[in-house]
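The primary structure of each chain is shown beneath.
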Amino acid sequence: MTYVETIKLRYDDLTKSEKKVADYVLGSGDKLINQTLTDVKKSTGVGDATIVRFCQKLNYQGFSDLKIAIAKVAYKQDSAKESPDSYVDLVSNRLMDAIRSTASLVNPKDLNSGIDLIHAAQRIFIFGVGSSGVTAEDMASRFLREGIQAEAITDPHYQAQNAALMSDKDLIIAFSLSGNTKDIFDSCKIAKQNGAKLIIVTNHLLSAIAKQGDVVLQTAVEELLMNGGSLSGKISQLCVCDLLITGYTITYHINSLKMRERVLRSIINKSID
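Note that this is a predicted model, so its numbers are computed, not measured.

About the cut-offs
- Along each chain, numbering runs from 1 in the same order as the chain's sequence is written.
- pLDDT decides what is reported in this predicted model: residues at 70 or higher carry local features, side-chain atom pairs at 80 or more are listed and counted, and totals for whole chains, interfaces and linings draw on all residues regardless.
- For the side-chain quantities, the full set of heavy atoms in the structure was used; hydrogens and water were omitted.
- Helix and strand assignments follow DSSP, with helices taken as H or I runs no shorter than four residues and strands as E runs no shorter than two, numbered in order from the N terminus.
- Remark: exposure states derive from per-residue accessible area (1.4 Å probe, protein chains only) relative to the maximum for the residue type, with buried under 20%, exposed over 50%, and partly exposed in between.
- Only four residue types enter the charge count: Lys and Arg as positive, Asp and Glu as negative, with His and the chain ends excluded.
- A charge is said to be at NZ when it belongs to Lys, at CZ for Arg, at CG for Asp and at CD for Glu.
- Helix axes are fitted to C-alpha atoms over the stretch in contact, other axes to C-alpha atoms as well, and angles between N-to-C directions run from 0 to 180 degrees.
- Comment on the angle field: the value is read as roughly parallel under 35 degrees, roughly antiparallel over 145, roughly perpendicular from 65 to 115, and oblique elsewhere.
- In this analysis, two residues are considered to be in contact whenever any of their non-hydrogen atoms come within 4.5 Å of each other.
- All residues other than Ala, Val, Leu, Ile, Met, Phe, Trp, Tyr, Cys, Pro, Asp, Glu, Lys and Arg, Gly among them, are scored as polar; the first ten of these are nonpolar and the last four charged.
- The directions from the helix axis to the C-beta atoms are what the arc is built from.
- Here, a disulfide means two cysteine sulfur atoms that sit within 2.5 Å of each other.
- The aromatic pairing rule takes the rings of Phe, Tyr and Trp, using the six-membered ring of Trp, and pairs them if the centres are within 6.5 Å, calling planes under 30 degrees apart stacked, those over 60 edge-to-face and the rest tilted.
- Working rule for handedness: look at the near helix, and if it is turned counterclockwise from the far one by less than a right angle, call the crossing left-handed; if clockwise, right-handed.
- Salt bridges are identified by distance alone: a Lys or Arg side-chain nitrogen within 4 Å of an Asp or Glu carboxyl oxygen.
- Two strands pair under a simple rule: DSSP has to find at least two bridges between them.
- Only buried Ala, Val, Leu, Ile, Met, Phe, Trp, Tyr and Cys residues count toward a nonpolar core, and they belong to the same one when joined by side-chain atoms within 4.5 Å.

Below, the discussion takes up the overall build of the protein chain. Along the backbone of the protein chain there are twelve helices and five strands. If one aligns the C-alpha atoms of the protein chain with their principal axes, the spans along those axes are about 70 × 50 × 35 Å. Across the 273 residues in the protein chain, those meeting the buried criterion constitute 39%. Computed over 32 positive and 31 negative side-chain charges, the separation of the two mean positions in the protein chain equals 4 Å.

For the rest of this paragraph, the subject is the packing of helix α9 (residues 156–164) against helix α10 (residues 182–193). Contact geometry for α9 and α10: axes closest at 8 Å, N-to-C directions at 10 degrees. For the element pair α9 / α10, the angle class is roughly parallel. In this structure, α9 uses Pro-156, Gln-159, Ala-160, Ala-163 and Ala-164 to contact α10, whose residues at the interface are Asp-183, Ile-184, Ser-187, Ile-190 and Ala-191. A class-by-class count of the residues in the contact of α9 with α10 yields seven nonpolar, two polar and one charged.

Let us now look at helix α4 (residues 48–57). When α4 is considered as a whole, its buried residues turn out to be Thr-50, Ile-51, Phe-54 and Cys-55. Along the axis of α4, the buried positions cluster into a sector of 135 degrees, meaning they face one direction only. Residue Asn-59 follows α4 closely and has a positive phi angle near 70 degrees.

Applying the stated criterion across every chain, the model contains zero disulfides. Free of any disulfide, Cys-188 has its nearest neighbouring cysteine sulfur in Cys-241, separated by 15 Å. Judged by relative accessible area, Cys-188 falls into the buried class, the value being 0%.

The subject of this paragraph is the packing of aromatic side chains. Tallying each qualifying case throughout the model produces one aromatic pair. Considering the side-chain rings of Tyr-248 and Tyr-252, the 5.7 Å spacing of their centres and the 40 degrees angle between planes classify their relative orientation as tilted. Residue Tyr-252 is classed as partly exposed on the basis of its relative accessible area, which comes to 26%.

A word on the environment of Phe-63. Here Phe-63 is to be found in helix α5 (residues 63–80). Put simply, Phe-63 and Asn-162 are 99 residues apart on the chain and 33 Å apart in space, counted from C-alpha to C-alpha. With residues up to four places along the chain from it excluded, the contact list for Phe-63 reads Leu-32, Gln-35, Thr-36, Leu-37, Val-40, Ile-51 and Cys-55.

All right, on to the packing of helix α1 (residues 3–10) against helix α2 (residues 16–28) then. The interhelical angle for the contact between α1 and α2, taken along N-to-C directions, is 150 degrees, at an axis separation of 11 Å. Our classification of the angle between α1 and α2 gives roughly antiparallel. Regarding α1 and α2, the two cross each other, and that crossing is left-handed. Of the residues in α2, those touching α1 at Tyr-3, Val-4 and Ile-7 are Ala-22, Val-25 and Leu-26.

So, on to the pattern of salt bridges. Pairing is possible between side chains that carry opposite charge, provided their charged atoms lie close to one another. Counted by the stated rule, this structure contains ten salt bridges. A salt bridge links Glu-146 to Arg-142, with the shortest nitrogen-to-oxygen separation between them at 2.9 Å.

The next subject is the sheet that holds strand β5 (residues 215–218). Ordered by their spatial adjacency, five strands build an open sheet running β2-β1-β3-β4-β5, and the pairing between neighbours is parallel. Each edge of the open sheet is held by one strand with a lone partner, namely β2 (150–153) and β5. For this sheet the average axis-to-axis angle between neighbouring strands, irrespective of direction, equals 20 degrees. In the sheet, strand β1 (residues 123–127) pairs with strand β3 (residues 170–175) via five bridges, with the strands oriented parallel. Residue pairing in the sheet places Ile-126 in a bridge with Ile-173 of β3.

Of all hydrophobic cores here, the largest spans 25 residues; its most connected members are Ile-124, Ile-126, Met-139, Phe-143 and Ile-173. Mapped by element, the contributors of at least two residues to this core are α7 (108–120), β1, α8 (131–145), β3, β4 (197–202), β5 and α11 (231–251). If you tally residues by element for this core, the top one is α11, at five residues. Within the second largest apolar cluster, 22 residues are counted, among which are Leu-14, Ile-33, Leu-58 and Ala-71.

So, in structure tokens, the structure goes:
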């Protein structure tokens, strides 16, 4: 039985306040997956206890358990669209859509502000965990080919420790599709308190992490819980990376060819003849 069927079956047994939550859940659908308990409280006007009781009346352990149930339904619906005849087009279109959608969200003013922060920084750190941590490492590698030394840090403890030693001469580029990753939020908060500048790359401009940013650049791919770490989400993040780095080299007239040659010469003899 799906979460929708369960809610409808037990709707009459819910209190007036719990019915507000039920109506909100049914109306939100899979959008609820990327929302927090606080988001639901604000939208329904009920308290934490009411939301938890609502979830438990549906035989879910709590709000997170309900979100997983919703994610399972959304994942099954997406999987049903895939077939041996269609999945090639499905995947390629999904990736192309990620790039187009991300490009359409670019705010040139914010992008240029981010480029200026990169130019002004004495040290650049790139934060991400999980799949976003892989993006952070990809961006550091891309920076290196343009002659910029940036350190990707994907361990939350090292992020916090480095953040504690930062100053107003440092820049963090932080990745979080949801904008609510606690480890990234905590590390950015510490860095901000020490004067570091923050470029936040996220889907949600009003998320907790985004609110800390000096510049916020928006990605375009919502990730369902069952599809975390998707290639589409990574492509959206990498698109923003390339915009920042390419924009930097053009704006500040960086001799990209010269930098790439220097980097290439350092590794060209490492191939087996």
